[in-house]
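# Chain and residue survey
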Amino acid sequence: QVDESKEVESIVPSYACQRRTTLENHNTVFTDALSLLAESAELSDEDGRGVAFRRAAAVLKALHSPVTDLLQLRGLPCLGGHSLRVIKDVLENGASSEVECTKQSERFKALKVLTGIFGVGSKTAERWIREGIHSLPQLQDSAHTLNRAQQAGLEHYDDLNQPVTKAEGDAIGEIVAKAVMSVLPGVQITLIGGFRRGKLTGHDVDFLITHPEEGREVGLMPKVVSWLESKGFLLYQKTTRNSYLESKDGPARPSSNMDRFERCFSIFKLPEDAKQGTTQTETLTEDTPEDTCRLTTPSLVKDEGSESTKRANLKPWRAVRVDLVVSPISQFAFALLGWTGSKLFERELRRWAGHEKAMSLSSHALYDNTQSKYLRASSEEEIFAHLGLEYIPPSERNA
Ligand code: CTP
Ligand code: MN
Ligand code: MN
Ligand code: MN
């Protein structure tokens with residue numbers, strides 16, 4: 001048995017972008033544990049540790065059978081001493097004491113609750129926790145003035161912490177399609193992010209918008225936003241204009257995750273009937289599995305109680321986070337690749353490009369440092385080919 005698994009081990013390459021990672025995970029007990037430690041590290045701004053745990057989890061996600069013995073892990077990449085200790089603990093005791101300890105810690109619980117507010121990052125949460133704020137009621141009772149994003153995040157806290165289903169994503173897609181078509185005919189809209197990778201739920205819905213004629217997409221977002229606002233579909237939006245052309249430090253910054261496309265971070269008001277009216281009729285009974293990160297937090301309703309909570313849930317719409325990105329057609333393939341994820345897969349692509357190929361990959365372009373030139377591409381397949389990688393379809397980028 002050990003010999004058989006050793007063969008499997010030897011074919012696991014070390015970069016996640018060299019591997020096929022489907023949503024079928026035979027090792028959730030280990031990957032859940034490692035992901036929680038990654039999350040805890042990220043919430044404490046220990047990104048290096050976070051990435052190490054994410055990489056370890058991703059290696060286990062790529063295995064085709066459950067790990068039952070530490071010996072099976074010999075020769076696997078990205079498994080450091082800390083990750084191996086966690087796996088060993090789970091194998092021997094059914095759970096990792098470090099994970100259980102983290103989950104129960106007041107600090108972690110408070111960080112989760114506070115960063116669960118749209119617009120609140122780990123640094124802000126950290127500052128509030130130092131002031132003794134650990135919960136939403138405590139935040140509301142504090143004298144803190146929240147910015148516009150945080151106010152919206154607090155107001156729609158329960159909705160935004162409930163996973164978005166594919167059916168809801170499709171319903172939003174129809175609304176966005178209607179909006180872009182009515183302001184600029186011929187526009188192309190593509191579902192990106194987790195749903196493009198085949199996920200059944202997500203924390204938001206992501207769309208990439210482009211036009212087959214270069215330049216026609218300029219200034220599109222404010223028009224789309226106006227249309228959506230006039231129809232009452234937006235609870236919040238922040239539009240950032242394209243800053244790619246005016247930037248001085250070149251398009252491909254391998255160290256940065258941020259791109260400079262015209263974009264809109266928004267909260268949609270999705271009518272319940274719009275959801276039922278979609279062609280994709282998915283049964284909504286099987287969604288929100290236990291392992292999705294649905295937070296159990298006190299209701300924000302002032303006169304907190306089951307009656308008012310029930311009433312609040314009966315509202316005929318729900319708030320959904322939506323990201324819109326506009327790309328010129330010449331950069332579309334790079335934007336598509338960069339916004340499909342997963343986040344680790346993207347990070348690994350950029351690391352592969354830089355470390356193995358002396359290239360700089362961003363969501364705008366691919367630059368070859370050896371040839372000192374940009375490499376054009378009009379499809380994701382071409383970008384993988386430029387990078388010397390086997391093409392991995394979106395459904396297998398779930399690292
Ligand atoms: N992304 C990005 N720049 C940002 C935010 C996100 O390039 N400022 C990219 C991420 O790298 C990811 C994709 O956009 O590849 C989608 O991000 P996100 O919606 O956060 O993650 P999903 O994979 O869609 O997960 P979920 O289903 O939870 O939304
Ligand atoms: Mn499998
Ligand atoms: Mn997403
Ligand atoms: Mn997103």
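This one's a predicted model, so the numbers in the text were calculated from it and none came from an experiment. (Residues numbered from 1 in each chain as written. Chains lettered and ligands numbered in written order. Predicted model: local features only at pLDDT ≥ 70, side-chain atom pairs only at ≥ 80, totals over all residues. Heavy atoms only, no water.)

### Overview of the site of ligand 1
Condition: Throughout, near means a residue has at least one heavy atom within 4 Å of the molecule or strand. Throughout this description, a polar contact denotes any pair of N or O atoms lying within 3.5 Å of each other; where both atoms belong to protein, one of them has to be capable of donating a hydrogen while the other can accept it, and for residues adjacent in sequence the pair is counted only when both atoms sit in side chains. Method for areas: the Shrake-Rupley scheme with a 1.4 Å probe, in which residue coverage is limited to the protein chains shown. Per the convention used, a helix needs a DSSP run of H or I reaching at least four residues, while a strand needs a run of E reaching at least two, with both numbered from the N terminus.
Around ligand 1, a shell composed of 18 residues is seen, among which Gly194, Arg197, His203, Asp204 and Lys343 lie nearest. Gly194 places a polar main-chain atom, nitrogen or oxygen, 2.8 Å from an oxygen atom of ligand 1. Considering ligand 1 on its own, with 590 Å² of exposed area, one finds that the protein chains cover 87% of that surface. Elements represented by at least two residues in the shell around ligand 1 include exactly helix H12 (193-196), helix H16 (332-340) and helix H17 (343-357).

### Notes on the nonpolar core
If you look at soluble globular proteins, the nonpolar side chains tend to sit buried side by side. For clarity, the cut-off: Throughout, nonpolar core names a set of buried Ala, Val, Leu, Ile, Met, Phe, Trp, Tyr and Cys residues whose side chains join them through atoms within 4.5 Å. Three exposure classes are used, based on accessible area relative to the maximum for each residue type with a 1.4 Å probe and protein chains only: buried under 20%, partly exposed in between, and exposed over 50%. In this entry, domain limits derive from an automatic or database-based domain assignment. We call two residues in contact whenever any of their non-hydrogen atoms come within 4.5 Å of each other.
In terms of nonpolar packing, the biggest core is built from 38 residues, with Leu34, Leu60, Ile117 and Trp128 touching the most fellow members. Among the secondary structure elements, those contributing two or more residues to this core are helix H2 (28-43), helix H3 (47-61), helix H4 (81-93), helix H6 (106-115), helix H7 (122-130) and helix H8 (136-141). Considering each element in turn, this core owes the most residues, 7 residues, to H2. Among the domains, domain 1 (2-102) and domain 2 (106-147) are the pair contributing at least three residues each to this core. Not counting chain neighbours up to four residues away, the residues in contact with Leu60 comprise Asn25, Asn27, Phe30, Thr31, Leu34, Val67, Leu73 and Ile87. If you look at the next biggest cluster of nonpolar residues, it comprises 28 residues, including Val180, Leu184, Val322 and Val326.

### Focus: the packing of aromatic side chains
Geometrically, a pair of aromatic rings is defined through the distance of the ring centres and the angle of the planes. For the record, the criterion: The rule is short: rings of Phe, Tyr and Trp, with Trp giving its six-membered ring, pair when the centres are within 6.5 Å, and they are stacked under 30 degrees, edge-to-face over 60, tilted in between. Only Lys NZ and Arg CZ are tested; either one counts as a charge over a ring when it is within 6 Å of the ring centre and within 35 degrees of the ring normal.
Under the counting rule described, the total for this entry stands at 5 aromatic pairs. Ring centres of Tyr367 and Tyr374 lie 4.9 Å apart, and the angle between their planes is 65°; this geometry places the pair in the edge-to-face category. Relative to Tyr391, the ring of Phe384 lies with its centre 5.2 Å away and its plane at 85°, an arrangement referred to as edge-to-face. In this structure an aromatic cluster arises from ring pairing among Phe345, Phe384 and Tyr391. The lysine or arginine in question, Lys315, covers the ring of Trp317, its NZ or CZ lying 4.7 Å from the ring centre.

### Overview of the pairing of strand S6 (residues 262-271)
Stated precisely, the cut-off is as follows: In this description, strands pair whenever DSSP reports at least two bridges between them.
The buried fraction of S6 amounts to 7 of the 10 residues, a majority that puts the element mostly inside the structure. Note: strand S5 (residues 234-240) against S6, 6 bridges, orientation antiparallel. The residue of S6 that forms the bridge with Leu234 is Phe268. Bridge count for S6 against strand S7 (residues 317-326) is 10 bridges, and the pairing is antiparallel. Across the sheet, the residue bridging to Cys264 is Leu324, located in S7.

### Points about the coordination of the manganese ion (ligand 3)
Threshold: Note that water is not among the atoms used; donors are N, O and S atoms within 2.8 Å of the metal (3.2 Å for Na, K and Ca), so sites may look incomplete.
Bound to the manganese ion (ligand 3) on the protein side are Asp204 (OD) and Asp206 (OD), at distances that span 2.0 to 2.1 Å. Distance-wise, the manganese ion (ligand 4) is placed 3.6 Å from the manganese ion (ligand 3), both being coordinated by Asp204. With a relative accessible area of 6%, Asp204 lands in the buried category.

### Thoughts on the sheet that holds S5
Our working rule: Note on geometry: axes are lines fitted to C-alpha atoms, helical ones only across the stretch in contact, with angles between N-to-C directions running from 0 to 180 degrees.
The mixed open sheet is built from 5 strands, whose spatial order is S2-S4-S7-S6-S5. Of all the strands in the sheet, the pair left with one neighbour each is strand S2 (188-192) and S5. Going across the sheet, the axis of each strand differs from the next one's by a mean of 25°, ignoring polarity. Sheet analysis places S2 next to strand S4 (residues 205-210), joined by 5 bridges and oriented antiparallel. If you follow Ile192 over to S4, its bridge partner there is Asp206.

### Comments concerning the packing of H6 against H7
Short version of the rule: Angle categories: roughly parallel below 35 degrees, roughly antiparallel above 145, roughly perpendicular from 65 to 115, and oblique for all the rest. Handedness of a crossing is defined here by the sense of rotation of the near helix relative to the far one, left-handed for an anticlockwise turn of less than a right angle and right-handed for a clockwise turn. Residues are grouped as follows: nonpolar covers Ala, Val, Leu, Ile, Met, Phe, Trp, Tyr, Cys and Pro; charged covers Asp, Glu, Lys and Arg; every other residue, Gly included, is treated as polar.
For the pair H6 and H7, the least separation of the axes is 9 Å and the interaxial angle reads 125°. Judged on the interaxial angle alone, H7 and H6 are oblique. Handedness of the crossing formed by H6 with H7: right-handed. Contact residues: Arg107, Ala110, Leu111, Leu114 and Thr115 in H6; Ser122, Ala125, Glu126, Trp128 and Ile129 in H7. Of the residues belonging to the contact of H6 with H7, the class tally is 6 nonpolar, 2 polar and 2 charged.

### A word on the domain arrangement of the protein chain
To keep it simple, the criterion reads: A 1.4 Å probe defines the accessible area here, and the buried area is the portion of it lost by two parts on being joined, summed over both. For this analysis, a salt bridge means a side-chain nitrogen from Lys or Arg found within 4 Å of a carboxyl oxygen belonging to Asp or Glu.
For the protein chain, the assigned domains are domain 1 (2-102), domain 2 (106-147), domain 3 (164-329) and domain 4 (331-396). The centre of domain 1, based on its C-alpha atoms, is set 25 Å off from the matching centre of domain 4. Taken together, the contacts link 14 residues of domain 1 with 16 residues of domain 4. On the domain 1 side of the interface with domain 4, the three residues burying the most area are Tyr15, Cys17 and Arg20, jointly 50% of the side's total. The tally of links between domain 1 and domain 4 comes to 3 salt bridges.

### Some details on H6
Residues spaced three or four apart along an α-helix face the same direction, because each turn holds 3.6 residues. Within H6, the full set of buried residues consists of Phe108, Ala110, Leu111, Lys112, Val113 and Leu114. Those residues of H6 that are buried lie in contact with H2, helix H5 (97-104), H7, H8 and helix H10 (157-160).

### Overview of the confidence of the model for the protein chain
Worth spelling out the cut-off: Here pLDDT means the predictor's own confidence in every residue, given as a number from 0 to 100.
Scored by pLDDT, the protein chain has a mean of 89; 84% of the residues are at 70 or more. Note on residues 251-256: pLDDT under 50 across the span, and 15 contacts to partners over four residues away in sequence or across chains. Low pLDDT, under 50, characterises residues 278-306; the stretch is placed with 43 contacts to residues that sit more than four places away or in other chains.

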